[in-house]
Amino acid sequence: MWQQRADVVVIGTGVAGLVAALAAHRRGRTVMVLSKAVDTATFYAQGGIAVVLPDTDDSIDAHVADTIAAGAGLCDPGAVRSIVSDGYRAVIELVDSGARFDEDERGQWSLTREGGHSRRRIIHSGGDATGAEVQRALDHAAATLDIRRNHVALQVLQSGGAVTGVQVLNQDGLGIVHAPSVVLATGGLGHLYSATTNPEGSTGDGVALALWAGVPISDIEFIQFHPTMLYDGHAGGRRPLITEAVRGEGGILLDRQGNSVTAGVHPMGDLAPRDVVAAAIDARLRETGDPCAYLDARGIADFARRFPTVTAACNAAGIDPTSQPIPVVPGAHYSCGGVVADVHGRTEVPGLFAAGEVARTGMHGANRLASNSLLEGLVVGGRAGKAAARHAVDTGPTRAETGEVETRVALPRRKLQRAMSRYASVVRDADGLQRLTQELEAADPRDLDCRTSFEDVALTTTARAVTAAALSRNESRGCHHRSDFPETDPALARSQVLEAACC
Ligand SMILES: Cc1cc2nc3c(=O)[nH]c(=O)nc-3n(C[C@H](O)[C@H](O)[C@H](O)COP(=O)(O)OP(=O)(O)OC[C@H]3O[C@@H](n4cnc5c(N)ncnc54)[C@H](O)[C@@H]3O)c2cc1C
């Protein structure tokens, strides 16, 4: 078994991981960054970063209020204020790392508006290619760091209740990185479902790693389904996203017969909150039996220049968005909940930190406001890196026990994804969730001898957590819709916390 040592191990090379790694590195700590894949969700982000700029008509109070309204009663107001207030500083730090954002004719950052925001406060890059620019700038800034690709983190190791390192699988087999501080920045869990906007690596690993380490998770039933994922007849795997900004610029959602999908559903029509639009499309598709709805963007002037990423994705699927409606379906997009952590990324276990999409800081509550996740990744990623560096100094070097890899259980991936898509998708009910619980119980022991096996195990653990949380929330709130409990119950306006025993 190979062995390595670092002060801080960061798991993940998206926005949260690289910002954390850079922050710990700047504090003089030896940092090792692990990544199992090249792809990150960060790279694919389109719309932008929500941030309050000084000397505008915007305010921290307004951004906090919009975020809390979207979170449907479950945001932690203190966490929201703390993160939003630090946004501009974090964005400037990103600019110092080389990121560039689109400007208007006066040379000011061009601001756009997305669903749920009361002001124009979204900065973007390359039109709809913000994530690619954020990733480019951070990859460049982190180029001299010790980044290990094709390294899969299998388990967080502890002794006496504190972190001692990480068990890792790479091309040389099993190994251990001894470290007093470990930062989980593993992103989301979209591949719980057959079709998702998320990259291949979004398999809920961080949630599973945290649960196995004895760290609770929360708000995990709140999975945001984006209403407009490109549908090209191939239902599975990562599918391109058609950004909400297309509807913001005048694109309209229609069914195959040419009827509006959202008329009479919500006063904001096609620009209603994402969960409302996703549920409206889901209902219409169930009603008609059609495989997809359509986003008609033919009326948008200069479409290809404003939406180059969307145009390229459509063209690759043989669709010309300027001459035909774009076929779309709702798709698993974002995990609002995750590993319970504070706004500095600290979890209950000393030495274990979580930042980015994997973390539940209280920022998103029951529903994430568009473009708030890159913001959270930047702010909490940086703070987690600092806190991890400080913890490493306070603790000093550690020596992890070279234990056996634990045998864990997994359901075959396609089977799990089919069951989750059927029973725990945009709209759920108790019967379906109970059936899903039974299907997930049929998981078989699996050796953690390759990335795929590990991911299947992580998906199964995470699916059980999502199912347990969704089953016990007997109401509809935020992006959790229950057809058997369509109303929001004021008595349930609190987060559920799950421990490893649930799953
Ligand atoms: C198509 C799309 C568009 C989006 N648009 C926006 C937007 O406009 N604005 C916005 O704010 N948000 C947007 N989001 C959400 C946002 O992009 C993500 O929430 C955010 O980038 C997540 O960053 P992260 O650093 O937490 O994780 P990621 O960027 O997903 O990085 C996760 C990293 O963890 C690694 N990893 C995972 N598990 C392991 C393991 N076991 N071992 C080793 N490495 C591991 C992966 O390889 C990867 O490097 C979008 C998301 C998608 C998918």
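Predicted model only: the values in this text are computed from it and were never measured.

Rules used throughout
Residues numbered from 1 in each chain as written. Predicted model: local features only at pLDDT ≥ 70, side-chain atom pairs only at ≥ 80, totals over all residues. Heavy atoms only, no water. Helix = DSSP H or I, 4+ residues; strand = E, 2+ residues; numbered from the N terminus. Expected span 1.5 Å × (residues − 1). Buried < 20%, exposed > 50% of the residue type's maximum accessible area, 1.4 Å probe, protein only. Near = heavy atom within 4 Å. Polar contact = N/O pair within 3.5 Å; in protein donor to acceptor, adjacent residues only side chain to side chain. Areas by Shrake-Rupley, 256 points an atom, 1.4 Å probe, with all protein chains shown as cover. Nonpolar A, V, L, I, M, F, W, Y, C, P; charged D, E, K, R; others polar. Disulfide = S-S within 2.5 Å. Core = buried A, V, L, I, M, F, W, Y, C linked by side-chain atoms within 4.5 Å. Contact = heavy atoms within 4.5 Å. Pairing = 2+ DSSP bridges. Axes fitted to C-alpha atoms, helices over the stretch in contact; angles between N-to-C directions. Salt bridge = Lys/Arg side-chain N within 4 Å of Asp/Glu carboxyl O. Parallel < 35°, antiparallel > 145°, perpendicular 65-115°, else oblique.

**Focus: helix α6 (residues 130-141)**
Its 12 residues give α6 an end-to-end C-alpha distance of 17 Å, which sits within 8% of 16 Å, the value for a rise of 1.5 Å per residue. If you check which residues of α6 are buried, you get Thr 130, Gly 131, Glu 133, Val 134, Gln 135, Ala 137 and Leu 138.

**Examining the site of the ligand**
Near the ligand lie 38 residues; those nearest to it are Thr 42, Gly 47, Gly 48, Glu 357 and Ser 373. Between the ligand and the protein, one listed contact pairs a nitrogen atom with a backbone N or O atom of Gly 48 at 2.8 Å. A distance of 3.5 Å separates an oxygen atom of the ligand from a polar backbone atom of Ser 371. Within the complex, 97% of the 1,000 Å² of free accessible area of the ligand lies under protein. Secondary-structure elements contributing two or more residues to the shell around the ligand are α1 (15-26), α2 (41-44), β8 (152-159), β18 (326-335) and α12 (372-395). Taken together, the residues of the shell around the ligand break down into 15 nonpolar, 19 polar and four charged.

**With respect to the state of the cysteines**
Under the defined criterion, the tally for this structure stands at zero disulfides. For the unlinked cysteine Cys 292, the closest cysteine sulfur is that of Cys 314, found at 12 Å.

**With respect to the nonpolar core**
Judged by nonpolar contacts, the single largest core of 66 residues is most densely connected at Val 9, Leu 184, Leu 192, Tyr 193, Ile 220, Leu 352 and Met 420. The element contributing the most residues to this core is helix α15 (residues 451-472), with nine residues. Aside from chain neighbours lying at most four places away, what touches Leu 184 is Ile 11, Val 156, Gly 206, Leu 209, Ala 210, Val 339, Leu 352, Phe 353, Ala 354, Ala 355 and Val 358.

**Some points on the sheet that holds strand β10 (residues 173-178)**
The strands making up a sheet associate through hydrogen bonds between their backbones, and the pairing can be parallel or antiparallel. Taken in spatial order, the four strands line up as β1-β10-β9-β8 in an open sheet, and their pairing is mixed. Each edge of the open sheet carries a strand with a single partner, namely β1 (2-5) and β8. Here the strands of the sheet are splayed against their neighbours by 25° on average, with no regard to which way each runs. Summarising the sheet, β8 and strand β9 (residues 162-170) pair through seven bridges and their orientation is antiparallel.

**Things to note about the pattern of salt bridges**
Once their charged atoms are close, side chains differing in charge can pair, the charge on each being opposite to the other. One pass over the full model with this rule turns up 32 salt bridges. The shortest N-O distance in the salt bridge between Asp 232 and Arg 239 comes to 2.6 Å. Relative accessible area serves as the criterion here: at 12%, Arg 239 is assigned to the buried category. Note that Arg 256 is salt-bridged to Asp 290, the shortest N-O span being 3.1 Å. Remark: Asp 290 occurs in the loop between α9 (274-288) and β17 (293-296) and Arg 256 occurs in the loop between β16 (252-254) and α9; sequence separation between them is 34 residues.

**Overview of the sheet that holds strand β21 (residues 359-360)**
Read from one edge to the other, the open sheet built from four strands follows the order β21-β19-β13-β26, with strand pairing classed as mixed. Both outer strands of the open sheet, β21 and β26 (497-498), are each paired with one neighbouring strand and no more. Here strand β13 (residues 217-218) pairs with strand β19 (residues 338-340) via two bridges, running antiparallel. Looking at β19, one finds that Ser 218 is bridged to Gly 338. Seen against the sheet, helix α7 (residues 205-212) touches β13, β19 and β26 and runs at an angle of roughly 35° to β19.

**Remarks on the packing of helix α5 (residues 87-96) against α12**
Where α5 meets α12, the closest approach of the two axes is 9 Å, and the angle between their N-to-C directions is 85°. As judged from the angle between their axes, α5 and α12 are roughly perpendicular. Contact residues: α5 offers Gly 87, Ala 90, Val 91 and Leu 94, while α12 offers Leu 375, Leu 378 and Val 379. A class-by-class count of the residues in the contact of α5 with α12 yields six nonpolar, one polar and no charged.

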